[in-house]
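Overview (structure and organization)
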Amino acid sequence: MSSSVPTPTAWLRGLKPDWIRDPKVWRTEVLAGLVVALALIPEAISFSVIAGVDPAIGLFASFTMAVTISVVGGRRAMISAATGAVALVIAPLNREHGFGYLVATVILAGVFQIVLGALGVARLMRFVPRSVMVGFVNALAILIFMAQVPEMHDVPWAVYPLIGAGLVLMVFFPKVTKVIPAPLVSIVVLTVITVAAGIAVPTVGDQGELPHALPVPGLPDVPFTADTLTTIAPYALAMALVGLMESLMTAKLVDDITDTRSNKTRESIGQGIANIVTGFFGGMGGCAMIGQTMINVKVSGARTRLSTFLAGSLLMVLCIVFGPIVSDIPMAALVAVMVMVSFATFDWHSIAPKTLKRMPAGEIAVMVVTVAVVVATSNLAIGVVIGSVTAMVIFARRVAHLADVTSVTDPAGNQVVYSVTGELFFASSNDLVTQFDYAGDPEKVVIDMSGTHVWDASSVAALDAIETKYAQRGKAVEIIGLNEHSARLHSKLSGELANNH
């Protein structure tokens, strides 16, 4: 799939109306959107608290992000809304400078995401190893579960049997029928029970007041000066990078679950457009939400843009039209849904004893590091970066030992041929210089490079150092067998690098 910037026509081409032609798809997408909308409400309110803004701001952001990304995004059925990662980035700015600066930051972050998307930042995803991806998924599952723990602490005793009942419903109801998503059934049943029996437990309404009207577009209330730009730019860049990292990782995860490919460049640019729209509507911005995406794709079986669009649209309908009813939903019902999502998200196969016995120690280490960093920082982006760097270091150490040198001396004793095999780069080339017998070799030395590849300047410098050491003893060196890339790099840099010892 092309990674070039999509044309305006290409943006709309993704709106393939499968749901219009297939009632079964239509039903699945609508019900999935409803479940996600219900799950978004307490999450958006919680993230508003983290960012230090009114609950309505988070709900508005979830509405505009989901609706906009359903049209311009590159990954169908993925849910984008207000997220904790973005809230953590912009919370200090909101505290120090006020809400106007927060909105301006969201808009600028969107611009950065469009630029980064157009520059091909999505291509960096190819450098994320599978072990990091597995660690990312497992850490995500742990974070989703940990986020529910406060809702189970210091609460009325009735919360626990309600959570248990919700989990039982979601496990066994699909065995009866899959026409209606089990999470939706669980939410409805538990709400009816608590309201009918008058059970006093925490509800959605306790999280914060729901909005009574749609958001109105406007400009951020900030002075349009260079000082404002320098103030918000660092936060905007951080938000753009964190948002893209989470969104691209989530898109890759959905690709794997659905066995389909998505346009990551379009997704990157789409995230930017969605944040710009959200900023102009006074929202706190956001990115892909992995928990809600798992509800939509893995639990509810959604596959099209309709579910994403309806998740945002129904969110506002539920808040504005059915606010009193939604406020009565017990938090226990939504906690049960998210606990089920965390168990479904975790890659249990990755920690099975049988798997761990077969897996290389380095791969296990990378997975553990990724999980540990994500859980410790509550930041998926930091975990992915550190996990990827760890994987690269382990790979470099492994490959560094693969370069080998063997020698064969001519029977006449006037020539020696050294064969170099393996990959030559900064790590492996450091020891190359020590593997030659400069004093004992005959006057002619041939270095056969047909079994290796020269990757960088460090390797060329090592070869120069070898030639210099032989030259100091009056011996000639001939390098043969370089492949096209290696020969081009060698001819370009040989003799130009300093410190040849």
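Described below are features of the structure shown in this document. (Residues numbered from 1 in each chain as written. Predicted model: local features only at pLDDT ≥ 70, side-chain atom pairs only at ≥ 80, totals over all residues. Heavy atoms only, no water.)

Position of Val-339 relative to the elements: it lies in helix H15 (residues 331-345). The buried category is assigned to Val-339, whose relative accessible area is 5%. Taking the C-alpha atoms as reference, Val-339 lies 42 Å from Thr-228; in sequence the two are 111 residues apart. Ignoring anything within four residues of it in the chain, the contact list for Val-339 reads Phe-145, Gln-148 and Leu-167. (Helix = DSSP H or I, 4+ residues; strand = E, 2+ residues; numbered from the N terminus. Buried < 20%, exposed > 50% of the residue type's maximum accessible area, 1.4 Å probe, protein only. Contact = heavy atoms within 4.5 Å.)

Side chains of residues three or four places apart in an α-helix project in the same direction, reflecting 3.6 residues per turn. Given a rise of 1.5 Å per residue, 15 residues ought to cover 21 Å, and the 21 Å separating the end C-alpha atoms of H15 matches this to within 8%. Of all the 15 residues making up H15, 12 are buried; the element is thus mostly covered by neighbouring parts of the structure. Residues of H15 that are buried include every one of Met-331, Ala-332, Ala-333, Leu-334, Val-335, Ala-336, Val-337, Met-338, Val-339, Val-341, Ser-342 and Thr-345, and no others. Turning to H15, the residues buried within the fold contact helix H3 (23-51), helix H7 (130-148), helix H8 (159-176), helix H9 (182-197) and helix H12 (290-299). (Expected span 1.5 Å × (residues − 1).)

Here we come to H8. In a regular helix each residue adds 1.5 Å, so 18 residues correspond to 26 Å; H8 covers 26 Å between its end C-alpha atoms and thus fits that length. At Met-170, H8 shows its largest bend, some 30°, and a proline, Pro-174, comes one to four positions later. Along H8, the positions that sit buried rather than exposed are Val-159, Leu-162, Ile-163, Gly-166, Met-170 and Phe-173. Close packing links the buried residues of H8 with H9 and H15. (Bend = angle between axes of the 7 residues up to and from the residue.)

The subject of this paragraph is the packing of helix H6 (residues 99-118) against helix H11 (residues 264-280). Following both chains from N to C, one finds H6 and H11 inclined at 165°, their axes separated by 7 Å at the closest point. One finds that H6 runs roughly antiparallel with respect to H11. Crossing handedness for the pair H6 and H11: left-handed. Listed contacts from H11 to Val-103, Val-106, Ile-107, Gly-110, Val-111, Gln-113, Ile-114, Gly-117 and Ala-118 of H6 are Thr-265, Ser-268, Ile-269, Gln-271, Gly-272, Ile-273, Asn-275, Ile-276, Gly-279 and Phe-280. Across the contact of H6 with H11, the residue classes tally to 10 nonpolar, nine polar and no charged. (Axes fitted to C-alpha atoms, helices over the stretch in contact; angles between N-to-C directions. Parallel < 35°, antiparallel > 145°, perpendicular 65-115°, else oblique. Left-handed = near helix turned anticlockwise from the far one by under 90°. Nonpolar A, V, L, I, M, F, W, Y, C, P; charged D, E, K, R; others polar.)

Over the atoms rolls a probe the size of a water molecule, and in doing so it shows where empty space is left. As a volume, the largest pocket reaches approximately 770 Å³. Where the lining of the largest pocket is concerned, the elements lending two or more residues are H3, helix H5 (84-97), H7, H12 and H15. When grouped by side-chain class, the residues that make up the lining of the largest pocket number 20 nonpolar, nine polar and three charged. (1 Å grid on protein atoms, 1.4 Å probe; cavity = no way out; pocket = protein on both sides within 12 Å on 5 of 7 lines; lining within 4 Å. Points joined across faces, edges and corners; volume = space filled by probe spheres on them.)

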